[in-house]
Amino acid sequence: MSRRFEVRLWVAQRATAVVLAACVVVHLAVIIYAVRGGLTAAEILGRTRGSVAWGVFYAVFVLAAATHGAIGLRTVAAEWLGFRGRAAEWTMAAIGLVLLALGLRAVFAVVAA
Amino acid sequence: MSALRVRVWRGGADGRFQEFDVPRHESQTVLDVVTHIQRHLDPTLAYRFACRVGMCGSCAMTVNGTPRWTCRTHVDKVAGSGVLEVAPLTNLPVVRDLVADMGEFFDKWAKARGQFKPTRTRGDDFAVVRPDDAARQEADAGIECIGCGVCYSACDVVKWNRDYLGPAALNRAWTLVNDARDAGQAERLRAVAGDAGCHSCHTHMSCTEHCPKELSPTRSIAGLKRATISLALSGEEP
């Protein structure tokens, strides 16, 4: 892979880490807030259903996690398993897309009215 | 004087440890021990040294599992258990006994564009570089490297990625990136970016922990990461 591609992946990895840090803080804060009086599916769905804001928030969260995870796994596979090259690139891209699809499906399930 | 049990690596990569008993002396260094073995016990022992005072960087070896400069490492400091184990530097091919092949280590300095490329000729006046200039201070922080290879031997990323340029070569590149007189910057930043370069560093800081000159190649590599980001985002091939 070209140097530019490598550097862009590196930048994407750091940028998504920043996004994830913010998303995780919001996510944890909401969990603590949401469970203060007991936790029910109805209460969660009451907050998320039809909410564009929560839909966008969790879609961004999922996108960042899928990108960050795939790039990280690519590095782990290269360094620990010696799995590099075109096959590794496609494998990691596929893992990223699967994570993205699963995540967005879950977001859709709680946000769709 | 009591004797010190010393295990010394003999042969090439498939060699083995050989044991010697060496008399203990006050303020004895690991290099003193190795030299005693070669002069008095087994003249066929191969090892490398030159200055004996921590300037030349040629005597680095693996001492009780840790890469160190042997001329400035006191036996007292490392052989608390009474056993000293001396082996060649890891992450480099073994030539014989305690001699590692430093070829790839220094080839990577050249690959990282570690050569000074002048902007002026001898006909020009001297460049004025203020000692308190921020860039000069960055360069000064890394300039005392003696090229011993201890950081290269200590680095996990070198072990995992054989193309990785390594802490010393990247540290050298960073000192030149901060040299106002150098003309090779774009080429150098291209050379140190990417999978084999600064972006592979995981900031484990083994290089910084082990550097006998107490430099921080980790800091230099972080500087290179910052310096190369703009090239990546600009659309040019960094």
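Keep in mind that this is a model prediction, so the values were computed, not measured. (Residues numbered from 1 in each chain as written. Chains lettered and ligands numbered in written order. Predicted model: local features only at pLDDT ≥ 70, side-chain atom pairs only at ≥ 80, totals over all residues. Heavy atoms only, no water.)

Asker: With reference to specific residues and values, describe the side chain of B:Lys108.
Answerer: All names here are of chain B. Position of Lys108 among the secondary structure elements: in helix α3 (residues 103-111). One buried charged side chain, Lys108, makes no salt bridge at all; its nearest oppositely charged neighbour is Glu104, positioned 4.3 Å away. Of note is the side chain of Lys108, whose polar atom sits 2.7 Å from the side chain of Tyr152. In this view, Lys108 contacts Tyr152, Arg162, Asp163, Tyr164, Leu165 and Ala169; residues no more than four positions away in its chain are not counted. (Helix = DSSP H or I, 4+ residues; strand = E, 2+ residues; numbered from the N terminus. Buried < 20%, exposed > 50% of the residue type's maximum accessible area, 1.4 Å probe, protein only. Lys, Arg positive; Asp, Glu negative; His and termini not counted. Salt bridge = Lys/Arg side-chain N within 4 Å of Asp/Glu carboxyl O. Polar contact = N/O pair within 3.5 Å; in protein donor to acceptor, adjacent residues only side chain to side chain. Contact = heavy atoms within 4.5 Å.)

Asker: Tell me what's going on with the sheet that holds strand β3 (residues 60-63) of chain B, and back it up with residues and numbers.
Answerer: All names here are of chain B. Taken together, the five strands give an open sheet; going across it, the order is β2-β1-β5-β3-β4, and neighbouring strands pair in mixed fashion. Each having just a single partner strand, β2 (16-23) and β4 (66-69) make up the two edges of the open sheet. Shown here is a sheet whose adjacent strand axes are inclined to one another by a mean of 35°, direction ignored. Note that strand β1 (residues 3-10) and strand β5 (residues 83-87) share four bridges and pair parallel. (Pairing = 2+ DSSP bridges. Axes fitted to C-alpha atoms, helices over the stretch in contact; angles between N-to-C directions.)

Asker: If you had to explain the packing of aromatic side chains to someone new, which residues and values would you point to?
Answerer: Residues and elements named next belong to chain B. Applying the stated criterion across every chain yields a total of twelve aromatic pairs over all chains. Pairing Phe105 with Phe106 gives two aromatic rings, centres 4.8 Å apart and planes at 75°, and the pair type is edge-to-face. What makes Phe105 buried here is its relative accessible area of 1%. Accessibility expressed as a relative area gives 39% for Phe106, which makes it partly exposed. Plain terms: the ring middles of Phe105 and Trp109 are 6.0 Å apart, the flat faces sit at 65° to each other, and that makes the pair edge-to-face. Note that Phe105 and Trp109 are positioned in helix α3 at a spacing of four residues, about one turn of the helix. (Phe/Tyr/Trp six-rings, centres within 6.5 Å; stacked < 30°, edge-to-face > 60°.)

Asker: Help me get a handle on the pattern of salt bridges, residues and values and all.
Answerer: Residue and element names in this part refer to chain B. Under the counting rule described, the total for this entry stands at 21 salt bridges over all chains. Glu19 is the partner of Arg5 in a salt bridge, and the nearest nitrogen-oxygen pair spans 2.6 Å. Of this pair, Arg5 sits in strand β1 while Glu19 is found in strand β2, placing the two residues 14 residues apart along the sequence. Accessibility expressed as a relative area gives 36% for Arg5, which makes it partly exposed. Linked by salt bridges that have partners in common, Arg5, Arg7, Glu19, Asp21 and Glu85 make up one network.

Asker: Go over helix α8 (residues 185-192) of chain B with me, naming the residues and quoting the values.
Answerer: B:Arg188, B:Leu189, B:Ala191 and B:Val192 are the residues of α8(B) that are buried. Along the axis of α8(B), the buried residues cluster in a sector spanning 160°; they form a single face. (Arc of directions from axis to C-beta.)

Asker: Give me the lowdown on the nonpolar core, citing residues and values where you can.
Answerer: With 54 residues, the main nonpolar core has B:Val6, B:Leu84 and B:Leu98 as its most contacted residues. Apart from residues no more than four positions distant in its own chain, B:Leu84 is found in contact with B:Leu4, B:Arg5, B:Val6, B:Arg7, B:Val30, B:Val33, B:Val63, B:Asn64, B:Val78 and B:Ala79. Of all hydrophobic cores here, the second largest spans nine residues; its members include A:Phe57, A:Tyr58, A:Val62 and A:Val107. (Core = buried A, V, L, I, M, F, W, Y, C linked by side-chain atoms within 4.5 Å.)

Asker: Kindly report on the side chain of B:Thr70, identifying the contributing residues and their values.
Answerer: All names here are of chain B. As for its position among the elements, Thr70 is in the loop between β4 and α2 (75-78). With a relative accessible area of 0%, Thr70 lands in the buried category. A polar side-chain atom of Thr70 sits 2.8 Å from the main-chain carbonyl oxygen of Cys59. Those residues within four positions of Thr70 in sequence are excluded, and the remaining contacts are Thr29, Val30, Leu31, Cys59, Met61 and Val63.

Asker: So what's going on with unusual backbone geometry? Which residues, and what values?
Answerer: Residues and elements named next belong to chain B. Non-glycine residue Ser27 carries a positive phi angle of around 55°. Looking at the secondary structure, you find Ser27 in the loop between β2 and α1 (30-41). In this model, Thr203 sits at a positive phi of 60°, which is unusual for a non-glycine residue. Position of Thr203 relative to the elements: it lies in the loop between α8 and α9 (206-210).

Asker: Quick one: what's the story with the environment of B:Ala191, residue by residue and with numbers?
Answerer: For B:Ala191, the location among the structural elements is in helix α8. Ignoring anything within four residues of it in the chain, the contact list for B:Ala191 reads A:Arg3, B:Lys111, B:Ala112, B:Arg113 and B:Leu165.

Asker: Describe the interface of chain A and chain B, naming the residues involved and giving the relevant values.
Answerer: Taken residue by residue, the interface counts 13 residues in chain A and 20 residues in chain B. Summing both sides of the interface, chain A and chain B together bury roughly 1500 Å²; the carbon and sulfur share of this comes to 58%. Among the residues of chain A in contact with chain B, A:Arg3, A:Trp10 and A:Glu79 are the three that bury the most area, contributing 42% of the side total. Counting across the interface, chain A meets chain B through one salt bridge. B:Asp195 is paired through a salt bridge with A:Arg84; the nearest N and O atoms lie 3.9 Å apart. Along the contact surface separating chain A from chain B lie four residue pairs in polar contact (both at pLDDT 80 or more). (Buried area = accessible area lost by both parts, 1.4 Å probe.)

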